[in-house]
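Take a look at the letters that make up each chain.
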Amino acid sequence: MILLPEMSQRLVDEEQFSTEPTRIGRTPCRIFKHDISVLKDAGYTIEQISKVFNVSSSTIFRLMKKFGLRKKDMPQLTDTALDEVVRKCSQQFPHWGVVMQHGHFKSQGINVPLIRLYEANRRVDPEGLCFRLRKVLKRRVYNVPGPQKLWHLDGNEN
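Everything quoted here is computed from the prediction, not taken from an experiment.

Criteria and thresholds
- Residues numbered from 1 in each chain as written.
- Predicted model: local features only at pLDDT ≥ 70, side-chain atom pairs only at ≥ 80, totals over all residues.
- Heavy atoms only, no water.
- Salt bridge = Lys/Arg side-chain N within 4 Å of Asp/Glu carboxyl O.
- Helix = DSSP H or I, 4+ residues; strand = E, 2+ residues; numbered from the N terminus.
- Buried < 20%, exposed > 50% of the residue type's maximum accessible area, 1.4 Å probe, protein only.
- Axes fitted to C-alpha atoms, helices over the stretch in contact; angles between N-to-C directions.
- Parallel < 35°, antiparallel > 145°, perpendicular 65-115°, else oblique.
- Left-handed = near helix turned anticlockwise from the far one by under 90°.
- Contact = heavy atoms within 4.5 Å.
- Phe/Tyr/Trp six-rings, centres within 6.5 Å; stacked < 30°, edge-to-face > 60°.

S.K.: So what about the pattern of salt bridges? Which residues, and what values?
M.R.: All told, the structure shown has four salt bridges when counted by the stated rule. The salt bridge partner of Asp-79 is Arg-123, with a shortest N-O separation of 4.0 Å. Of this pair, Asp-79 sits in helix 5 (residues 79-92) while Arg-123 is found in helix 7 (residues 114-124), placing the two residues 44 residues apart along the sequence. Asp-79 sits in the partly exposed class, given a relative accessible area of 43%. Between Arg-123 and Asp-83 there is a salt bridge, with its nearest N and O atoms 2.8 Å apart. In this pair, Arg-123 sits in helix 7 while Asp-83 sits in helix 5, placing the two residues 40 residues apart along the sequence. Relative accessible area serves as the criterion here: at 41%, Arg-123 is assigned to the partly exposed category. Asp-83 sits in the buried class, given a relative accessible area of 12%. Here the salt bridges share partners, and the residues they tie into one network are Asp-79, Asp-83, Arg-116 and Arg-123.

Here it is in structure tokens:
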């Protein structure tokens, strides 16, 4: 694994890990936000970053959460660009709901939060959204005298 030159120099110059033999519990380590973000931007995976710092990948995940770093940065689409993408998708697949569109966009590498997709569908295709919401199954409410009085034979017994 090849380290970036400035990162390897920092690892040598600064003591990244301070170990105190009298301390009980996890060995304290100092890993900085800048170091993780530089390696992540260089294309390193979480596992590779954890090997660089000689810690577990769960430690890197925990530190990334603490620092507010994401595993994958979501490129932000403007509302107009998102509306255009949603318009094309709804024309091509008119019966798809927001969840299906979300999966379709994820497979194409477009990561958009679901709430933004709902808003874009409301702007682009309000009639289609109402049509799809009308077809949602309503949960049935049963009033039975006791347990084992109503059985469904739908194949979901196991």
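S.K.: An account of the packing of helix 5 against helix 6 (residues 98-107) is needed here, citing residue identities and associated values.
M.R.: Helix 6 packs onto helix 5 with a crossing angle of 110 degrees between their chain directions and a minimal axis gap of 11 Å. It follows from the interaxial angle that helix 5 and helix 6 lie roughly perpendicular. Between helix 5 and helix 6 lies a crossing of right-handed hand. When helix 5 is examined against helix 6, the residues Val-85, Val-86, Cys-89 and Ser-90 are found in contact with a partner set consisting of Gln-101, His-104 and Phe-105.

S.K.: Can you break down the packing of aromatic side chains residue by residue, with the values?
M.R.: Inspection of every chain in the model, using the stated rule, returns one aromatic pair. Judged by centre distance (4.0 Å) and plane angle (10 degrees), the ring pair of Phe-93 and Trp-96 falls under stacked. Trp-96 gets classed as partly exposed once you look at its relative accessible area, which sits at 21%.

No statement about biological role is implied by the geometric values presented.
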